[in-house]
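Below, each chain spelled out in residue letters.
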Amino acid sequence: MKTVSTATAIMGLPVAMAEEVVAQAGKEDNRPPVIWLHFQECTGCSEALLRANHPSIAEVVLDIINLEYQETLMAGAGDQAEEALHNAIKKHAGNYILVVEGSIPTADMDVCCKIANKTALQSFKEAAEKAAVVVSLGACATSGGIVAIEPNPTKAKGVLEILLDDMKWSEADISAKYLSIPGCPPNPYNVLSVILYFATFGKLPEKGPKIPPKNNLSVRDELAHRPTFAYGRLIHEHCERRPHFDAGRFVREFGDDGHKNGYCLYHMGCKGPETYANCSIIHFNDGAAWPIGNGSPCIGCTEGSVLFKDSIFSLAKVAQPKPASPINETQGRGKESSVAQAAVVGGLVGAAIGAGAVFATKLPKEPEDENK
Ligand code: FSX
Ligand code: SF4
Ligand code: F3S
């Protein structure tokens, strides 16, 4: 119940939905079959899942999903494992969730990432053809990640590219059957929430960002295929250091007084202003930690266009450098509101707008300006 309540809250569903999610997730025959393939990666995505205690990986595997094949966790190996994979694809054809970790090499080399004497591309295609939905897990599976850094010797690609270019999936197929959960590693609760959502409603959750460029995304744009509940907003919108950003208080050097006081990491290269993710809210390791909370700038690990592409210390583009209006909708409107209250609110608004304006003048117009 606790697990499902947490996941229901993360998915942004009403509290009353928790019971339905529990009912669906608890049905013995309703646990969604999952086939989980590993390609070129560090296995950090599975490791992050292993660090979640509420629920533990044991609860996920035994109670929530029907995990048919997962190379990191299963005891079988060799022919026995290969047979299990084939049997699972056959038995659950058209009904299983295919989770893919790691990028897929496409170079004309007979040596990269062969499993059971098949190339990763062959293994992926066989499993994707009969899947109900395909989920790319992690930056590597989503857009190539660390493996695809130039000069990308294995010509590593993410799942979306393979589905579109090699398997010729249509736009309609991609929209109904493909979802990505990027991050290096992604947050385990997002993985769990997607699986529970699928088990409950038999379809993928809403996808895409909540804010522009939502309506201008093409099918090739990876931003369009992430669950909105987890990747709908920028980290910068919900960061615990955001008040320092708005007030113009920044860390200028690791270990300086600003760093010790938890100031904003923007000038240390934080990519929170251009990174869509919910790690600022749900954290990792059961809520114990997340990069910015630990004093490290965000490196944009959910963004294929930022991670390992932009320099760690380059300045992120900030869409809205001024703070949002701090007017509290409940103040200054009721009968009981007083002139004094209105004055206080007015003063705060003025102060915040002033701070925003002062701060805005300190921001470079373009990131390159900072280097001048
Ligand atoms: Fe990549 Fe995941 Fe980073 Fe590592 O499986 S997303 S390198 S955390 O392991 O694929
Ligand atoms: Fe947080 Fe980074 Fe934004 Fe600063 S720049 S408020 S540290 S997300
Ligand atoms: Fe990744 Fe940035 Fe969150 S590096 S884990 S998206 S704070």
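Student: A description of the overall build of the protein should follow, citing residues and the corresponding values.
Tutor: Scanning the protein from N- to C-terminus turns up 15 helices and seven strands. The buried share of the protein, taken over its 372 residues, is 39%. Considering only contacts in the protein between residues 6 or more positions apart, those separated by 24 or more positions represent 71%.

Student: Please provide a residue-by-residue account of the sheet that holds strand β7 (residues 178-181), values included.
Tutor: Strand order in the open sheet made by the five strands is β2-β1-β3-β5-β7, with parallel pairing throughout. Both edges of this open sheet fall to β2 (66-70) and β7, since each of them pairs with a single strand only. Each strand of the sheet is rotated relative to its neighbour by a mean of 20°, with strand direction disregarded. Two elements, strand β1 (residues 33-38) and strand β3 (residues 97-101), share five bridges in a ladder whose sense is parallel. The partner of Ile35 across the bridge, within β3, is Leu98. Across the face of the sheet, helix α5 (residues 78-91) comes into contact with β1 and β2 while running at roughly 140° to β2.

Student: Which residues make up the site of ligand 2, and what are the values?
Tutor: The environment of ligand 2 is formed by 14 residues, the closest being Cys239, Cys264, Tyr266, Cys270 and Gly272. Split by residue class, the shell around ligand 2 holds 10 nonpolar, two polar and two charged.

Student: Describe in detail the nonpolar core, supporting the description with residues and values.
Tutor: A general feature of soluble globular proteins is that nonpolar side chains tend to end up buried together. If you look at the biggest cluster of nonpolar residues, it comprises 84 residues, and the most contacted ones within it are Ile35, Ile97, Leu98, Val100, Val134, Val135 and Ile195. In terms of domain composition, this core takes at least three residues from each of domain 1 (2-231) and domain 2 (235-371). Setting aside chain neighbours within four positions, we find Ile35 in contact with Glu68, Tyr69, Ala88, Ile89, Tyr96, Leu98 and Ala127.

Student: Quick rundown of unusual backbone geometry? Include the residues and the values.
Tutor: Peptide bonds are trans in most cases, and residues, glycine excluded, mostly fall at negative phi. Cis geometry is found at the peptide bond from Glu150 to Pro151, where omega equals 10°. Considering the arrangement of structural elements, one finds Pro151 in the loop between α7 (138-143) and β6 (156-157). The omega torsion of the bond from Cys184 to Pro185 falls at 5°, within 30 degrees of zero and hence cis. Counting through the fold element by element, Pro185 comes out in the loop between β7 and α10 (188-201). One non-glycine residue, Cys113, adopts positive backbone phi at about 55°. Tracing the backbone through its elements, the reader meets Cys113 in the loop between β4 (104-105) and α6 (120-129). Phi is positive for Lys155, close to 50°, though the residue is something other than glycine. Here Lys155 shows up in the loop between α7 and β6.

Student: Talk me through the pairing of β1; I want residue IDs and the actual numbers.
Tutor: Taken across its six residues, β1 has five buried, putting it largely inside the fold. The pairing of β1 with β2 spans four bridges and is parallel. By the bridge assignment for β2, Pro33 is matched with Asn66.

Student: Please set out the environment of Lys207 residue by residue, giving values where relevant.
Tutor: When you line up the elements, Lys207 lands in the loop between α10 and α11 (228-231). You can call Lys207 buried: it has 21 C-beta atoms within 10 Å. Taking C-alpha positions, Lys207 is 8.3 Å from Gly232, a pair spaced 25 residues apart along the chain. Non-local contacts of Lys207, meaning those with residues more than four positions away in its chain, are made with Leu179, Ala224, His225, Arg226, Pro227 and Thr228.

Student: Tell me about α6, and please be specific about residues and values.
Tutor: Taken as a whole, α6 has its buried residues at Ala120, Ser123, Phe124, Ala127 and Ala128. All buried residues of α6 project into a common sector of 120° when viewed along the axis, lining one side. Considering only its buried residues, α6 is in contact with β1, α5, β3, β4, β5 (133-137) and α8 (159-166).

Student: Report on the environment of Val306, specifying residues and quantitative values.
Tutor: For Val306, the position within the fold is in the loop between α14 (279-282) and α15 (339-362). Between the C-alpha atoms of Val306 and Lys271, which are 35 residues apart in sequence, the distance is 8.1 Å. Sequence-distant contacts of Val306, that is, excluding residues within four places in its chain, are made with Lys271, Glu274, Thr275 and Gly300.

Student: So what about the confidence of the model for the protein? Which residues, and what values?
Tutor: Low-pLDDT portions of the prediction should not be read for the details of their coordinates. Here the protein averages 84 in pLDDT, and 79% of its residues register 70 or above. Long-range and interchain partners of residues 328-372, a stretch whose pLDDT sits below 50, account for 38 contacts in this model, where long-range means more than four residues apart.

Student: How would you explain the environment of Glu101 if you had to name every residue and give the values?
Tutor: Among the secondary structure elements, Glu101 is positioned in strand β3. The sequence separation of Glu101 and Thr43 amounts to 58 residues, and the corresponding C-alpha distance is 7.6 Å. For Glu101, the residues in contact, after removing those within four places along its chain, are His38, Glu41, Cys45, Ser46, Leu137, Gly138 and Ala141.

Student: Before we move on, can you summarise the pairing of β5 with the specific residues and values?
Tutor: Among the five residues in β5, four count as buried, and that is most of the element. Here five bridges tie β3 to β5, and the two strands are oriented parallel to one another. Bridge pairing in β5 links Ile97 to Val133.

Quick notes on the rules
Every chain is numbered independently, its residues counted from 1 as its sequence is written. Written order decides the labels, with chains lettered from A and ligands numbered from 1. For a predicted model such as this one, the threshold for reporting local features is a pLDDT of at least 70, and the threshold for listing and counting side-chain atom pairs is 80 or more; totals across whole chains, interfaces and linings nevertheless cover every residue. The way it works is that DSSP assigns letters per residue, a run of H or I at least four long becomes a helix, a run of E at least two long becomes a strand, and they are numbered from the N terminus. Here exposure depends only on C-beta density: within 10 Å of a residue's C-beta, 20 or more other C-beta atoms make it buried, 12 or fewer make it exposed, and intermediate numbers make it partly exposed, the C-beta atoms being placed from the backbone. Whether two residues are in contact depends on their C-beta atoms, placed from the backbone: they are in contact if these lie within 7 Å. At least two DSSP bridges between two strands are needed for those strands to be called paired. Here the axes come from fitting lines to C-alpha atoms, over the contacting stretch only for helices, and the angles between their N-to-C directions go from 0 to 180 degrees. Nearness is defined per residue: the C-beta atom, placed using the backbone, must lie within 6 Å of the molecule or strand. Classes in brief: Ala, Val, Leu, Ile, Met, Phe, Trp, Tyr, Cys and Pro nonpolar; Asp, Glu, Lys and Arg charged; the others, Gly included, polar. Nonpolar cores are built from buried Ala, Val, Leu, Ile, Met, Phe, Trp, Tyr and Cys residues. These are joined into a set through C-beta atoms within 7 Å. Domain delimitation in this document rests on an assignment produced automatically or drawn from a domain database. By definition, the arc is the one covered by directions from the helix axis to the C-beta atoms. pLDDT is a per-residue confidence score from the predictor, ranging from 0 to 100.

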